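A closer look at the structure
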Amino acid sequence: MTQIQVGKPVKGSQLIGREKEVLTISKLLLQGQSVVLIAPRRFGKTSLTLEILNRLKKQDIYTAYIDVFVTPDLESFSRKITEDVLNNRKLGKVFKKITGNIVEVFRNIELKQTIESFEFILKYSSPNPNVWELFSDSLDFINSYPKKYDRKIICAFDEFGDIKKFDGDKIVKMVRSKIQFQDHAAFIFSGSYESVMETFFVKQNSPFFRFARIIHLGYIGRDEFKNYISATLSDNEILFNEKFINEILDFTKGHPYYTQLVLQQILLNKSTGLNQKNVSLFDILQQLLIVENNYLEKQWEDISKSRELVQTLIAVVKYGKSLYSHLDTKKINPGRALKKLTGSGLLFRENKGYHLSDPLFELWVKEKIINS
Ligand SMILES: Nc1ncnc2c1ncn2[C@@H]1O[C@H](COP(=O)(O)OP(=O)(O)OP(=O)(O)O)[C@@H](O)[C@H]1O
Ligand SMILES: [Mg+2]
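Heads up: these notes are all about the structure in this document. (Residues numbered from 1 in each chain as written. Chains lettered and ligands numbered in written order. Predicted model: local features only at pLDDT ≥ 70, side-chain atom pairs only at ≥ 80, totals over all residues.)

1. Comments concerning the environment of Leu 285
To be explicit about the condition: Secondary structure follows DSSP: runs of H or I at least 4 residues long count as helices, runs of E at least 2 residues long count as strands, and numbering of each begins at the N terminus.
Relative to the assigned elements, Leu 285 resides in helix α13 (residues 281–291). Along the primary structure Leu 285 and Leu 261 are separated by 24 residues, whereas in three dimensions their C-alpha atoms are 9.7 Å apart.

2. Topic: the sheet that holds strand β4 (residues 185–191)
Going by this rule: One requirement defines pairing of two strands: DSSP has to find at least two bridges between them. Angles run from 0 to 180 degrees between N-to-C directions of axes, and those axes are lines fitted to C-alpha atoms, restricted for helices to the stretch in contact. Contact criterion: two residues are in contact if their C-beta atoms, reconstructed from the backbone, are within 7 Å.
On the basis of which strands lie adjacent, the open sheet formed by 5 strands has the order β2-β3-β4-β1-β5 and parallel pairing. Looking at which strands have only one partner, the edges of the open sheet turn out to be β2 (62–67) and β5 (212–216). With strand direction ignored, the average angle separating the axes of adjacent strands in the sheet is 15°. Relative to β4, strand β1 (residues 34–38) runs parallel, the two sharing 4 bridges. Counterpart to Val 35 in the pairing with β4 is Ile 188. Across the sheet, helix α2 (residues 45–58) is in contact with β1, β2, β3 (153–158) and β4; its angle to β3 comes to roughly 165°.

3. Describing the packing of helix α12 (residues 256–271) against α13
What counts here: By definition in this entry, angles of less than 35 degrees are roughly parallel, angles greater than 145 are roughly antiparallel, angles of 65 to 115 are roughly perpendicular, and the rest are oblique. Three classes are used: nonpolar for Ala, Val, Leu, Ile, Met, Phe, Trp, Tyr, Cys and Pro, charged for Asp, Glu, Lys and Arg, and polar for all others, with Gly counted as polar.
Where α12 meets α13, the axes come as close as 10 Å, and the angle between the chain directions of the two elements is 105°. Taken together, the axis directions place α12 and α13 in an arrangement best described as roughly perpendicular. Here Leu 261, Val 262, Gln 265 and Ile 266 of α12 come into contact with α13, specifically with Ile 284, Gln 287 and Leu 288. Its residues assigned to classes, the contact of α12 with α13 comprises 5 nonpolar, 2 polar and no charged.

4. A few points about the nonpolar core
Test applied: Buried Ala, Val, Leu, Ile, Met, Phe, Trp, Tyr and Cys residues form a nonpolar core when they are connected through C-beta atoms within 7 Å. Residue burial here comes from a neighbour count, namely the number of other C-beta atoms, placed from the backbone, that lie within 10 Å of the residue's own C-beta, with 20 or more meaning buried, 12 or fewer meaning exposed, and in between meaning partly exposed.
Of all hydrophobic cores here, the largest spans 53 residues; its most connected members are Ile 142, Ile 154 and Phe 187. The element best represented in this core is helix α7 (residues 131–148), accounting for 6 residues. With residues up to four places along the chain from it excluded, the contact list for Ile 142 reads Ala 64, Ile 81, Val 85, Ile 153, Cys 155, Gln 182 and Ala 185. Counting 35 residues, the second largest nonpolar core, distinct from the first, contains Val 10, Ile 220, Leu 233 and Ala 315.

5. Considerations on the packing of helix α10 (residues 222–235) against helix α11 (residues 242–252)
Helix packing geometry: the angle between the two helix axes and the distance between the axes. Under the convention used in this document: Rotating anticlockwise by less than a right angle from the far helix to the near helix defines a left-handed crossing, while the corresponding clockwise rotation defines a right-handed one.
At a minimum axis separation of 10 Å, α10 and α11 run at an interaxial angle of 130°. Judged by the angle between their axes, α10 and α11 are oblique. Between α10 and α11 the crossing geometry is right-handed. Two secondary-structure elements touch here, α10 through Arg 222, Phe 225, Lys 226, Ile 229 and Ser 230 and α11 through Ile 245, Ile 248 and Leu 249. A breakdown of the residues in the contact of α10 with α11 according to their chemical character gives 5 nonpolar, 1 polar and 2 charged.

What follows is the structure in structure tokens.
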């Protein structure tokens, strides 16, 4: 059975579509232009980012990838930056051993020499390092290390919006003041909360205003997914017709995560002997609503605190473009609600209308909230 990657980032030939994005973004980065990647959850930001870095690596460009979401504090954030930068010369692993005991580290001749040029690295071995100093030094290191070897570096900060958790303003200002002068580095900043990313990059008074090119990631191209789905179903000896594939894509719209999830479920049903003859999308989706129930409930929980958000979201699902005529605008402010829902990545704006970016969540709202 074909392995369908659902959840973890997809790599290489597993990555469907996104070729245009890979090329455009790589080109910008190589010109020294930093890029902001904005898309709702599970749209493939991490996959795309890693793919770009992997391809650039093959062109002898240095790279670094830091997921801000999983770094709990400023010290581990700094460490991760230093480690990833060092890893371009395979020194990440030895560096990781730097704790109280530095003897072992000095056994590695290249790291020893590196420390001679970049003394700050030793600070990681002290019991109570000044974390702001470490952070500042690690930011400088992103540029000075590749410079020493006459290379360029592309550094990705995934879930960058999460940087607020450290110390909002101060850290953002420091990042900006450092990296704006770095001539050997360009950056990818990615994030799912549109509104958070906007406060960093888009608004006129935002710290990174005009610093980076904004790229909104959409669904995957229909044709690319069509080919992939057909090939996967054929490989697994599942009978299908074109109508079925269209049905799948009409539902997922090319949402990468859900398209993969549907496919995975079809293969799973086959291998467990279920659904052998007539695969029905309806049945698959009912199964997925159960599989994804926790995630979907959590999404609902987040908006259900506000009546305004709930009513507006329901109106979007039920009435689409004509939602305004169905809302009591004396009691709620749909404009404000739509802005909030778009800002959190839940809604997409398209041709003056709005729709949910998450197709399964839309189905969930229809079944669990509207028709119950
Ligand atoms: N280009 C793609 N081709 C095929 N599948 C993809 C693609 N992009 C994403 N996926 C699917 O979506 C899943 C999530 O991808 P990824 O983790 O890159 O998204 P993300 O936007 O970073 O998600 P999160 O918001 O959770 O960080 C993958 O496991 C894979 O199943
Ligand atoms: Mg991600």
